[in-house]
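Spelled out from the first residue to the last, the chains are:
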Amino acid sequence: LDVYDSLVDFDLIGTASTRGGAGLTHMDWSADGLFIQTDNTVREHQYWDALSVLEKVDGEESLSRVEWATWTCVYGWSVMGLTPKFGEAVGINACCRSNKGEVLAVANDFGLIRLFRFPAPYQGCKHKRYAGHSSLVTNCRFTFDDKYLISVGGTDRCIFQWE
């Protein structure tokens, strides 16, 4: 994780490594730019101080009320409901909170887009499922006005626009 100062000639502020050196898969900034949250390839959710680029080990507790500019991390308190009531969070490739902060779209390995209310803090949260892709959905994002959701398929190589 490398953080640069965009106001001062993109000077490097600091560098950090995830536990065990795992690769990052998702990253979000807090609305005030002071914190970062990340997911990695070994399914760990971590919090970082953006100014010192040091991990905030107590982040789950101390940052629980922080407003996040975006939410694309698939782990963390606000998205625990993506996991089935009696199962594990497998096959989740991406998620994206709407810009208004009310809806969370989830892309999975099974060709589905699932829509949850945000936050979704309890395992087995109710959701709506939409099929379209033939298999793996690699990513999804809401448009700036939340009118559409764009999803990207892996094997089918399709880009879908959902209204």
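A short tour of the structure in this document, coming up. (Residues numbered from 1 in each chain as written. Predicted model: local features only at pLDDT ≥ 70, side-chain atom pairs only at ≥ 80, totals over all residues. Heavy atoms only, no water.)

### Focus: the overall build of the protein
As a reminder, the rule being used: Put simply, DSSP H or I for four residues or longer makes a helix, DSSP E for two residues or longer makes a strand, and each gets a number counted from the N terminus. Throughout, radius of gyration means the C-alpha value; the globule benchmark is 2.2 Å times the number of residues raised to the power 0.38. Burial status follows relative accessibility: with a 1.4 Å probe on protein chains alone, a residue under 20% of its type maximum counts as buried, one over 50% as exposed, and anything between as partly exposed. Two residues qualify as a contact provided that any one of their heavy atoms is within 4.5 Å of a heavy atom in the partner residue. For the accessible areas, the method is Shrake-Rupley and the probe is 1.4 Å, while residue cover comes only from the protein chains on display. The convention is simple: Lys and Arg are positive, Asp and Glu are negative, and His and the chain ends are not counted. By convention, charge coordinates are those of NZ in Lys, CZ in Arg, CG in Asp, or CD in Glu.
Helix and strand counts for the protein stand at 1 helix and 13 strands. Helices (α) and strands (β) of the protein occur, in sequence order from the N terminus, as β-β-β-β-β-β-α-β-β-β-β-β-β-β. Expected size for 163 residues packed as a compact globule is a radius of gyration near 15 Å; at 16 Å, the protein falls within 12% of this value. Structurally, the protein occupies a C-alpha span of about 45 × 35 × 30 Å along its principal axes. Taking all 163 residues of the protein together, 40% fall into the buried category. Of the contacts formed within the protein by residues at least 6 apart in sequence, a portion of 43% connects residues at least 24 apart. Put simply, the protein shows about 9600 Å² of open surface, and 54% of that area lies on carbon and sulfur atoms. Looking at charge distribution, the protein has the averaged site of its 15 positive side-chain charges lying 13 Å from that of its 21 negative ones.

### A closer look at the packing of aromatic side chains
Operational definition: Two rings from Phe, Tyr or Trp (for Trp, the six-membered ring) form a pair when their centres are within 6.5 Å of each other. A pair whose planes differ by under 30 degrees is stacked, one over 60 is edge-to-face, and the rest are tilted. By definition here, charges over rings are those cases where NZ of Lys or CZ of Arg is within 6 Å of the ring centre and within 35 degrees of the ring normal.
Across all of its chains, the model carries 5 aromatic pairs by this definition. Measuring from ring centre to ring centre gives 6.2 Å for tyrosine 47 and tryptophan 68, while their planes differ by 35°; the resulting arrangement is tilted. In this pair, tyrosine 47 is assigned in strand β5 (residues 45–49) and tryptophan 68 in the loop between α1 (59–62) and β7 (92–97), connecting sequence segments 21 residues apart. Comparing tyrosine 47 with tryptophan 68 shows no difference in burial state: the two are buried. Aromatic rings pair up to connect Tyr47, Trp68, Trp71 and Phe118 into one cluster. Above the face of the phenylalanine 118 ring, arginine 97 is positioned so that its terminal group lies 5.6 Å from the ring centre.

### Let's talk about the pairing of strand β9 (residues 112–117)
What counts here: When DSSP finds at least two bridges between two strands, those strands are taken to pair.
Pairing between strand β8 (residues 103–108) and β9: 5 bridges, direction antiparallel. Within the sheet, the bridge partner assigned to alanine 105 lies in β9 and is leucine 115. The turn joining β8 and β9, which pair antiparallel and follow one another in sequence, is formed by 3 residues; a positive phi near 80° is taken by glycine 111. Relative to strand β10 (residues 128–131), β9 is paired through 4 bridges, and the arrangement is antiparallel. For isoleucine 113, the partnering residue across the bridge sits in β10 and is tyrosine 130.

### What to know about the nonpolar core
Selection rule: The nonpolar core is taken to be a set of buried Ala, Val, Leu, Ile, Met, Phe, Trp, Tyr and Cys residues, with the residues joined through side-chain atoms within 4.5 Å.
Among the nonpolar cores identified, the biggest contains 18 residues, and Trp71, Val79, Leu82, Cys95, Leu104, Val106 and Phe116 are the most heavily contacted of them. Taken together, the elements giving at least two residues each to this core come down to β7 and β8.

### Some words on the sheet that holds strand β4 (residues 35–40)
One open sheet holds the 4 strands; their spatial order is β3-β4-β5-β6, and the pairing between them is antiparallel. Two strands lie at the open edges of the sheet, namely β3 (24–29) and β6 (54–55), each paired on one side alone. Examined bridge by bridge, β5 and β6 share 2 bridges and lie antiparallel to one another. Note on β6: the bridge partner recorded for tryptophan 48 is glutamate 55.

### Things to note about unusual backbone geometry
Most peptide bonds adopt trans geometry, and most residues besides glycine take a negative phi value. Cis rather than trans, the peptide bond between phenylalanine 118 and proline 119 has omega equal to 0°. Its location among the elements puts proline 119 in the loop between β9 and β10.

### Some points on the sheet that holds strand β12 (residues 149–153)
Note the cut-off: Geometry is summarised by axes, namely lines fitted to C-alpha atoms with helices restricted to the contacting stretch, and by angles between N-to-C directions that run from 0 to 180 degrees.
Ordered in space as β11-β12-β13, the 3 strands form an open sheet in which the pairing is antiparallel. With one partner strand each, in any of the chains shown, β11 (137–142) and β13 (159–162) form the two edges of the open sheet. Within this sheet the neighbouring strands show an average axis-to-axis angle of 20°, counted without direction. In this sheet, β12 lies alongside β11 in antiparallel orientation, the contact comprising 5 bridges. The residue bridging phenylalanine 142 from the neighbouring strand is leucine 149, located in β12.

Honestly, that's just the spatial picture; any functional story needs more than this.
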